[in-house]
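Residues per chain, in single letters:
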Amino acid sequence: MSMTDEAPRLIERPVAAAAEPQAAEPPPAAERDVVFRSHDVNVYYGAFRAVRDVTFDVPKNEIMALIGPSGCGKSTVLRCYNRMNDLIKDARVTGAITYRGTDLYDERVDPVEVRRRIGMVFQKPNPFPKSIYDNVAYGPRVAGQKKGLDDVVESSLRKAALWEEVNDRLNDSALGLSGGQQQRLCIARAIAVGPDVLLMDEPCSALDPIATARIEDLMQEIKQDYTIMIVTHNMQQAARVSDTTAFFTADVRSENDTRTGILVEVDTTQKMFSNPADERTENYVTGRFG
Amino acid sequence: MTDMSVAYPERLTVDQLQIAPSRRHREAIIRYTLLVTALVSVLVSALIVWILLREAWTFITEVVWADTWGQQGWFPRRGLYDIPTIIVPSLIVTGIAMVVAGPLGLGAAVYLSEYANRRVRSWLKPALEILAGIPSVVLGFFALTWIAPNLVGPIGRNTFGVIGAVILLGYAAVSAGIAKAKIKQYREGVADPSARVGAVASLAMLVAVFAVAGAWILGVWLDFAPNNAGSLAAAGIGVGILTIPLVASISEDAMAAVPDSLREASAGLGARKMATATTVVLPAAISGIVAAFIVAISRAIGETMVVFMAGGAADAARFTDSPFEGGLTMTAAIASLASGTDSVVGEGLTFQSLYFVGLLLFLFTLTLNIIAARFVSKVREAY
């Protein structure tokens, strides 16, 4: 398979975006490189509409945070980008999501190929009950790679800032690691596939503050190689790590008891937290709501 | 809230917090009654083992051992107790049953837990459980009147046998390929426990398939099975059908217990369903799957009615190691000797021989359980 040869190369891809300065006011999203464009995305679970008419772009080599109160559909939106909602029975996505110019939901698109390019880190660390080595080597192996696994494992663990802690016990069970180490292992495991984008679904919500800080540092270090989307409940985290922020809220209709996620506003994180355009955003980020 | 509150005294005494004496007695009665029910079942099992051992010991100490090995067969009423005559058919029947039930049961389990949508599952699982509810006497009759003449009988003579042999050989070649790949993977030191599990499983499959294929080809070549009567193969297929639901439902339970977060992690890394099933779900559920096979083997080796009816021998038998001939399994030997008006009439030790065979069966299943427990503790991937 083509990924066999591609995987290591992608990992050692030269850092092209590193020179780009962290300008105070980056140009609007339309003029920058965009990885995802979504237009009028709706997600249904059976007859229930979980997310309504979501439209926004995701810029390349940046960290985008999706924030909002519980039940506002931000995780559901995140899972559209690697076709993870396909795994949920009765889930349906309408509207258009393009990934580097290609319709992600074209019927010819294989979700497995999508997931090899768009990796995911979950809320609760979920390492396989296998050795540390086997966890990291899992993705390349299922893609058919047999040679050079040692190098992939080492470079992925180094990138995830875990190598120094585990290099003497690669064959021990991953379940023996601490929660924070397990989550960095899950990041290493996702990196090992050689992805383009990393989707992180509340990656720190099960971790203590020290482990959280390590993951946040790690995100800053790797964002020059990847585009990162992170769902978070923690507004301070969004303010600390992200370049752009999308604020979602739940549109509650009491007459038919429905709760639908809607996108309120997307802008640079700086603007969202200092001078948001929408009153609802302001109420949320100042702690008056949610 | 305030208007509902009870007026508590300033100080409480121990008396006010004590259990009422009548209540205390009732608790004690309940407790000891439950203890007695637990003890009764343990006591009954212990008594059975005790009587089994006592009678078997009489047989072991008093039998002429020269008559128990190397004789022409199992003729308990005449004092000829050739043990291999009844052990070998038991193993043949169990082996054939596992070749039938293993792949079918495990395949059904993987399909149910990893592939089937809710609608298919809602009728397929109950249907499998209905299969488990078929009385074994019905399956015995089915094995004797349909499997024996239609599946096993023709092997000796016509093209069905050749086709069957070709299919079996193909099956063997596939498992040989898997085994080779898995062993290579394991040797390359990639230290993936699933490779070791896979190697062991496919090697076991290979041996079983080769054994059956060999017997089958031999059957075709030597023109065995000249009649449509019962045979060990017919009985083995019948027992196999009987144990499919066991393998399927226990394996499926084990796979369903594997958390979905592991499946999501695997899918998120670009694994297809089959890869997730074989490299994440099966290794994590291996203890349950091995348990399913052990239970199925115990069930197969202890199954009586199907082998009694379709095994093609009763009461006494000559030694045979061909699946296409009639033979007497350990269970059928006990059943046929103990049934009817002349039950266990014979020479002095005929009666005790039944207990000896029973003890052998008991030891077989006990050993299996011990091996299984060891195996599981070694390869299990606990989550």
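Values in this document were obtained by computation on a predicted structure and should not be read as measured data. (Residues numbered from 1 in each chain as written. Chains lettered and ligands numbered in written order. Predicted model: local features only at pLDDT ≥ 70, side-chain atom pairs only at ≥ 80, totals over all residues. Heavy atoms only, no water.)

Asker: Residue-level account of the packing of helix α2 (residues 83-115) of chain B against helix α9 (residues 273-284) of chain B, with values.
Answerer: All names here are of chain B. At a minimum axis separation of 11 Å, α2 and α9 run at an interaxial angle of 105°. In terms of orientation, α2 lies roughly perpendicular with respect to α9. Along the contact surface, α2 presents V110, E114 and Y115, while α9 presents K273, M274, A277, V281 and L282. Classifying every residue of the contact of α2 with α9 gives six nonpolar, no polar and two charged. (Axes fitted to C-alpha atoms, helices over the stretch in contact; angles between N-to-C directions. Helix = DSSP H or I, 4+ residues; strand = E, 2+ residues; numbered from the N terminus. Parallel < 35°, antiparallel > 145°, perpendicular 65-115°, else oblique. Contact = heavy atoms within 4.5 Å. Nonpolar A, V, L, I, M, F, W, Y, C, P; charged D, E, K, R; others polar.)

Asker: Pulling in residues and values, what's your account of the side chain of T245 of chain A?
Answerer: Residue and element names in this part refer to chain A. Among the secondary structure elements, T245 is positioned in strand β9 (residues 244-253). Take T245: its relative accessible area is 0%, and that puts it in the buried class. Among residues more than four places away in sequence, those in contact with T245 are A65, I67, E265, V266, D267, T268, T269, M272 and F273. (Buried < 20%, exposed > 50% of the residue type's maximum accessible area, 1.4 Å probe, protein only.)

Asker: So, the side chain of E55 of chain B: which residues are in play, and what are the values?
Answerer: As for its position among the elements, E55 of chain B is in helix α1 (residues 21-62). Not counting residues up to four positions away in its chain, the partners in contact with E55 of chain B are F351, Q352 and Y355 of chain B.

Asker: Give me the layout of surface pockets: which residues, what numbers.
Answerer: The calculated volume of the second largest pocket comes to roughly 770 Å³. Contributing to the lining of the second largest pocket are 28 residues, with L87 and K89 of chain A together with E114, R263 and K273 of chain B lying nearest its centre. Among the elements of the structure, α3 (111-117) of chain A together with α2, α3 (118-133), α7 (232-256), α8 (260-268) and α9 of chain B are those that each provide at least two residues to the lining of the second largest pocket. Taken together, the residues of the lining of the second largest pocket sort by class into 12 nonpolar, three polar and 13 charged. (1 Å grid on protein atoms, 1.4 Å probe; cavity = no way out; pocket = protein on both sides within 12 Å on 5 of 7 lines; lining within 4 Å. Points joined across faces, edges and corners; volume = space filled by probe spheres on them.)

Asker: Give a description of the interface of chain A and chain B that names residues and reports values.
Answerer: Across the boundary between the two partners, chain A contributes 29 residues, which contact 28 residues of chain B. Each partner contributes to the roughly 2,200 Å² buried at the junction of chain A and chain B, and carbon and sulfur atoms together form 56% of this total. Of all residues in chain A, P129, K130 and Y138 of chain A bury the most surface against chain B, accounting for 24% of the area lost on that side. Residue R272 of chain B pairs with D110 of chain A through a salt bridge whose shortest N-O separation is 2.7 Å. Looking at the side of chain A that touches chain B, the elements with two or more residues in it are α3, β6 (118-121), α4 (132-142) and α7 (179-192) of chain A. Ranked by residue count, the leading element in the side of chain A that touches chain B is α4 of chain A, at five residues. Considering only residue class, the side of chain A that touches chain B consists of 14 nonpolar, four polar and 11 charged. (Buried area = accessible area lost by both parts, 1.4 Å probe. Salt bridge = Lys/Arg side-chain N within 4 Å of Asp/Glu carboxyl O.)

Asker: An account of the sheet that holds β6 of chain A is needed here, citing residue identities and associated values.
Answerer: Residue and element names in this part refer to chain A. Read across the open sheet, the 10 strands follow the order β5-β4-β1-β2-β10-β9-β3-β8-β7-β6; overall the sheet is mixed. Lying at the two open borders of the sheet, with one neighbouring strand each, are β5 (102-103) and β6. Where strand β2 (residues 48-59) lies against strand β10 (residues 258-268), two bridges are found, and the strand directions are parallel. Counted as the bridge partner of R52 is I262 from β10. The sheet contacts of helix α8 (residues 209-222) involve β3 (63-67), β7 (197-201) and β8 (227-231), and relative to β8 the element is tilted by about 150°. (Pairing = 2+ DSSP bridges.)

Asker: Could you give an account of the packing of α2 of chain B against α7 of chain B, with specific residues and numbers?
Answerer: Running from N to C, α2 of chain B and α7 of chain B point in directions that differ by 35°, and their axes come no closer than 6 Å. Classified by chirality, the crossing of α7 of chain B by α2 of chain B is right-handed. (Left-handed = near helix turned anticlockwise from the far one by under 90°.)

Asker: Can you lay out the pairing of β10 of chain A for me, pointing to particular residues and giving the numbers?
Answerer: Working note: regular strand, side chains alternate between the two faces of the sheet. Sheet topology places β9 of chain A next to β10 of chain A; 10 bridges connect them, and they run antiparallel. Bridge pairing links R253 of chain A to T258 of chain A in β10 of chain A.

Asker: Got a sec to walk through the pattern of salt bridges? Specific residues and values, please.
Answerer: This model, assessed by the stated rule, comprises 29 salt bridges over all chains. For E216 of chain A, the salt bridge is made with R240 of chain A, and the minimal N-O distance between the two is 2.7 Å. In this pair, E216 of chain A is assigned in helix α8 and R240 of chain A in helix α9 (residues 235-241), connecting sequence segments 24 residues apart. Among the residues examined, E216 of chain A registers a relative accessible area of 7% and is labelled buried. R240 of chain A gets classed as partly exposed once you look at its relative accessible area, which sits at 49%. When the shortest N-O distance is used, the salt bridge between K125 of chain B and E252 of chain B registers 3.0 Å. Taken together, the residues K125 of chain B in helix α3 and E252 of chain B in helix α7 connect sequence positions 127 residues apart. Taken together, the shared-partner salt bridges connect R121, K125, E252 and D253 of chain B into one network.

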